[in-house]
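# Architecture at a glance
If you want the building blocks of each chain, they are given just below.
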Amino acid sequence: MGEQVIRGYLILGCMDYIESFGEADRERMYSSLADDVSSDRGAYDKMAWYPLKTISELYDAIAKLHPGDEAKAYEALRNCGMFIAEAATNSFLKLLMRVMTPAVFSKKAPDLWARDNRRGRMETKQVDERHLVTHLHEVDGYFHAGPVAAGFGTFALRAVGAKDVDVKVTGWSLKTPCPAEVRLDMTWK
């Protein structure tokens, strides 16, 4: 199975997103973390590797702000993915996004996943010029990977010129937050 780790910039981006919430919600999210997951930004370096549990705990804390409301939890997690993607694009991906098209994004997305995640595998297929299907495989244990990946995809497609991006996530739900397989159908105009 290998070491289940993720890059620190994902954690820091998620923490920055959490900072956009009100104080009571922030306190609620951070107080729900397991004892071995630090809420101190200083504990993380953006390019270092950290246990998958760390980001899963943070994503789950976001989802728990909306108990029983799957649509709101999905939206909050998708927004988290867009927020992290935007922060990443403002640094190492900025030049790449300038020359990318949806077709190039489709081909490069699995490499981007593999660069920052040592859990799971991504496959993409562009069905036609306005429809991309992404499969996340072996992501059990990676809480809420589907909605967050939907946010990354939404941001990336918008950044390369796609309009009215819509993403349907299959396999994920609040009752099944970390399925082994997730499918994302991304369409745009």
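In case you missed it, the structure is sitting above this.
In what follows, the accompanying structure is described. (Residues numbered from 1 in each chain as written. Predicted model: local features only at pLDDT ≥ 70, side-chain atom pairs only at ≥ 80, totals over all residues. Heavy atoms only, no water.)

## Some details on the overall build of the protein
- Helix and strand counts for the protein come out as seven helices and six strands.
- Taken over C-alpha atoms, the radius of gyration comes to 16 Å for the protein, in line with the 16 Å a tight globule of 189 residues would show.
- A burial count over the protein gives 48% of its 189 residues as buried.
- When contacts within the protein are restricted to residue pairs at least 6 apart in sequence, long-range pairs at least 24 apart make up 68% of them.
- Carbon together with sulfur atoms contributes 52% to the accessible area of the protein, which is approximately 9,300 Å² in total.
- Taken as two groups, the 25 positive and 27 negative side-chain charges of the protein have centres that lie 6 Å from each other. (Helix = DSSP H or I, 4+ residues; strand = E, 2+ residues; numbered from the N terminus. Rg over C-alpha atoms; globule rule 2.2 N^0.38 Å. Buried < 20%, exposed > 50% of the residue type's maximum accessible area, 1.4 Å probe, protein only. Contact = heavy atoms within 4.5 Å. Areas by Shrake-Rupley, 256 points an atom, 1.4 Å probe, with all protein chains shown as cover. Lys, Arg positive; Asp, Glu negative; His and termini not counted. Charge placed at Lys NZ, Arg CZ, Asp CG, Glu CD.)

## Section: the nonpolar core
- Formed by 57 residues in total, the largest nonpolar core has its most connected members in Ile-55 and Tyr-142.
- At eight residues, the largest contribution of residues to this core is made by helix 1 (residues 8–19).
- Sequence-distant contacts of Tyr-142, that is, excluding residues within four places in its chain, are made with Ile-6, Leu-10, Leu-52, Ile-55, Ser-56, Tyr-59, Trp-113, Asn-117, Arg-119, Pro-177 and Cys-178. (Core = buried A, V, L, I, M, F, W, Y, C linked by side-chain atoms within 4.5 Å.)

## A word on empty space enclosed by the protein
- Considering all chains together, one arrives at one cavity of 30 Å³ or more under this definition.
- Size it by volume and the largest cavity reaches roughly 380 Å³.
- For the largest cavity, the lining is made up of 27 residues, of which Ala-109, Leu-112, Trp-113, Met-122 and Phe-152 are closest to its centre.
- Broken down by secondary-structure element, the contributors of at least two residues to the lining of the largest cavity are helix 1, helix 4 (70–89), helix 6 (102–116), strand 3 (121–128), helix 7 (145–159) and strand 6 (181–187).
- For the lining of the largest cavity, the element with the highest residue contribution is helix 7, accounting for seven residues. (1 Å grid on protein atoms, 1.4 Å probe; cavity = no way out; pocket = protein on both sides within 12 Å on 5 of 7 lines; lining within 4 Å. Points joined across faces, edges and corners; volume = space filled by probe spheres on them.)

## Here's the deal with the pairing of strand 5 (residues 166–170)
- Side-chain alternation along strand 5 places Val-167 and Val-169 on a buried face and Asp-166, Lys-168 and Thr-170 on a face that remains uncovered.
- Summarising the sheet, strand 5 and strand 6 pair through five bridges and their orientation is antiparallel. When the bridges of strand 6 are listed, Val-169 appears paired with Leu-184. (Pairing = 2+ DSSP bridges.)

## Re the environment of Met-29
- Here Met-29 lies in helix 2 (residues 23–31).
- The contact partners of Met-29, leaving out residues within four places of it in the chain, are Ile-18, Phe-21, Ala-61, Ile-62 and Leu-65.

## Focus on helix 7
- Here helix 7 contains 15 residues, and its C-alpha end-to-end distance of 21 Å stays within 8% of the 21 Å for a straight helix at 1.5 Å per residue.
- By the criterion of burial, helix 7 is predominantly enclosed, with 12 of the 15 residues buried.
- Listed as buried for helix 7 are Ala-145, Gly-146, Pro-147, Val-148, Ala-149, Ala-150, Gly-151, Gly-153, Thr-154, Phe-155, Ala-156 and Leu-157. (Expected span 1.5 Å × (residues − 1).)

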